[in-house]
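Chain by chain, the residues run as shown.
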Amino acid sequence: MADQPKPLRIGLAGLGNVGAGVYKNLLKNRSLLQERTGRAMEIRKVAVRNPSKPRTVAVPDELLTANLDDLIEDGEIDIIVELIGGIDQAFTLVKSALERKKIVVTGNKALLAEHGKELFALAEKQKTPIYFEAAVAGGIPIIKTVQESLVGNRIDSMIGIINGTSNYILTRMAEEGLDYPEALKEAQDLGYAEADPALDVNGWDAAHKAIILASLSYGFWLRAEDIYVEGIQDVSLVDILFADSLGYTIKLLAVIRLDESGGIEVRVQPSLISNGHILASVNGVFNAILVNGDVVGETLFYGSGAGQDPTSSSVISDLADAAARLGDCGGRRTGFVPHGLYGQPVAIDDTVSEYYLRLQVADNPGVLAQIATVLGNLDIGISSMIQPEEHEEGIAPIVLMLHYATFGRMKEALRQIADLDCVRAQPVLMRVESL
Ligand code: HSE
């Protein structure tokens, strides 16, 4: 048997909400990741402030340390995952990691917005990357999208809802009439808010992300003082209701826009958007970013913008990039990786959904009973029925909404119904997808 590549050895700094998610999900999808990346991922050490604190994930005591330097000084560790948050300590940790040529994975948007210029210069000098998919929009892969998929575009604009906490608060205020502190407390309990939730509500968390997106798009680090930031602290329920009565929804929007003279507008503000616009339907912890590229046109990226699992999904994607970067992955970066974890395709007849069925039938007594009998014999329930009063002489349309059934049973019902003498046109069947 060919030699297995060495495991990717990870030093995890921080075991808060996201750190615990990374630990948990690396274990959960361990074999899937190994098949896809060609390497096992092994957490060698976990640095926490207080090793004896009870945790939501069971980390063996021998992995825990209270000293960040233990991660840096461990010559076996290839990658430092920085999830301690804050700026000063994280800055020192990331710099020390790069100086030792350890790859860095971070979700720290404040750190990158403040010190990106210096850190990426060091990364370049050390030929050691910093990956930061988790720093913007939680589980949405917007960083790799901008850096890779849209690399052939000049970015004309990005308009985004990029703070999950404030979007959650605005949604709860609008939908349930909650007051602001109650909604914020919920967002904190759900693990969406920053350690300092002021950053979420004063707009600066979104601003840090906007700085990263704009800097990636335009190729130089924008400074915090170059952008305008307002938060949602002063948005009241009264404004939300007035806006709604005028056909608008209030969202905390980050706007990044390139003008014809090369000026770059970057701002974060609560803004009214028309209820008909797709961004108005982005609710709760969801984020969405509309990206306009000069080649691709308009694209939209949507997903959970905060929370343990979505954000750890992004961190893990960076670990996979690091695995590829460190080599030993054979042909695994050639576009398709065969692996066998997901079983086999399901036959269409075995797939299940609800259905919409429209029939044209003879307008006679007993017709409905014949149709109901066919459906009943095949154990297909009717959830509702409409028969418009006005119809063509002698022919009646019937629309039936049907409960869950396999497509195979539904096709058989359709065949039997189409054979009934009372049915006067080809039945129309559509699936109802509950999304
Ligand atoms: N506090 C952040 C938010 C977490 O609510 O969006 C994800 O960056």
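Quick look at the structure, then.

## Re the sheet that holds strand β16 (residues 428-432)
Part 1 of the argument: Ordered in space as β14-β15-β13-β16, the four strands form an open sheet in which the pairing is antiparallel. In this open sheet, the two strands that pair with only one neighbour each are β14 (382-386) and β16. The mean angle between the axes of side-by-side strands here comes to 20°, regardless of whether they run parallel or antiparallel.
Part 2 of the argument: Relative to β16, strand β13 (residues 352-362) is paired through five bridges, and the arrangement is antiparallel. Of the residues in β16, the one forming a bridge with Leu 357 is Leu 429.
Part 3 of the argument: Strand contacts of helix α13 (residues 367-377): β13, β14 and β15 (395-406), with the helix running at about 15° to β15, the strand carrying the most contacts.
Part 4 of the argument: With respect to the sheet, helix α14 (residues 407-419) is in contact with β13, β15 and β16, its orientation differing from that of β15 by roughly 155°.

## What to know about the packing of aromatic side chains
Any pair of aromatic rings gets described here by the distance separating the centres and the angle formed by the planes.
Part 1 of the argument: Using the criterion set out here, one finds five aromatic pairs in the structure.
Part 2 of the argument: Ring plane angle 0° and centroid distance 4.9 Å describe the contact between Phe 286 and Tyr 302, whose orientation is recorded as stacked. In this pair, Phe 286 sits in strand β11 (residues 286-293) while Tyr 302 sits in strand β12 (residues 297-304), placing the two residues 16 residues apart along the sequence.
Part 3 of the argument: Here the aromatic cluster, defined as three or more aromatic residues joined through ring pairs, consists of Phe 120, Phe 132 and Trp 221.

Parameters at a glance
Residues numbered from 1 in each chain as written. Predicted model: local features only at pLDDT ≥ 70, side-chain atom pairs only at ≥ 80, totals over all residues. Heavy atoms only, no water. Pairing = 2+ DSSP bridges. Helix = DSSP H or I, 4+ residues; strand = E, 2+ residues; numbered from the N terminus. Axes fitted to C-alpha atoms, helices over the stretch in contact; angles between N-to-C directions. Contact = heavy atoms within 4.5 Å. Phe/Tyr/Trp six-rings, centres within 6.5 Å; stacked < 30°, edge-to-face > 60°.

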